[in-house]
Amino acid sequence: MRFLADESCDFSVARMLRAAGHDVVAVAEIAPQAEDEAVLSLALSGQYLLLTEDKDFGQLVYSAGHATAGVILLRFPATARASVAKAVLDLVTERQEQLIGRFTVVQPGHIRIGLRYEG
C-alpha cells in the first residue's frame, strides 16, 4: 500500500511500514511544514493513505468536505507509544482493502473504520 506520513506521525510507523514493503512517503522529507490542506491534496493526488496524529484532519474531511484517499488517525497516549507502529502494521496487514477511502481512528485496543468517502 501507499502511505503519506504527516509530520505529526510517529516516524516509527513509517519505518515499520517501509520495512514491511509498503511505499511510505514522509511529509517531512518532501514538503516540510506544509499546511494541512496541502497535505491532504498531496495524499489524494498520489492516492496515498494519510497517516497522522493530528485531529484537525477529521475536521477537514468531515466538516469541510475535503476529498481523501483515506486517513488513518493515530490516538495513542504517552503510556502506549511503544505499540503504535505495530498496531498500524497489524491494521494494514489485516484490513488493507477496508482502509481505502475511509477515515480510520486507531487507539490502543480499538479501531474505528468510517464509511467510505464517496467524494
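These numbers were taken from a predicted model, which means no experiment stands behind them. (Residues numbered from 1 in each chain as written. Predicted model: local features only at pLDDT ≥ 70, side-chain atom pairs only at ≥ 80, totals over all residues. Heavy atoms only, no water.)

## Concerning the nonpolar core
Of all hydrophobic cores here, the largest spans 21 residues; its most connected members are Phe3, Val13, Leu17, Leu51, Ile72, Leu74 and Val88. Of all elements in the fold, only β1 (2-5), α1 (11-19), β3 (49-52), β4 (71-74) and α5 (84-95) reach the threshold of two or more residues within this core. Here this core gets 6 residues from one element, more than from any other, and that element is α5. Ignoring any residue separated from it by four or fewer positions in sequence, one finds phenylalanine 3 in contact with Leu17, His22, Asp23, Val24, Val25, Tyr48, Leu49, Leu51, Ile72 and Val92. If you look at the next biggest cluster of nonpolar residues, it comprises 15 residues, including Leu4, Val27, Leu40 and Leu60. (Core = buried A, V, L, I, M, F, W, Y, C linked by side-chain atoms within 4.5 Å. Buried < 20%, exposed > 50% of the residue type's maximum accessible area, 1.4 Å probe, protein only. Helix = DSSP H or I, 4+ residues; strand = E, 2+ residues; numbered from the N terminus. Contact = heavy atoms within 4.5 Å.)

## Description of unusual backbone geometry
Even without a glycine there, the phi angle at glutamine 33 is positive, about 65°. Relative to the helices and strands, glutamine 33 resides in the loop between α2 (27-30) and α3 (36-45). Positioned with a positive phi, glutamine 47 is a non-glycine residue whose angle comes to about 55°.

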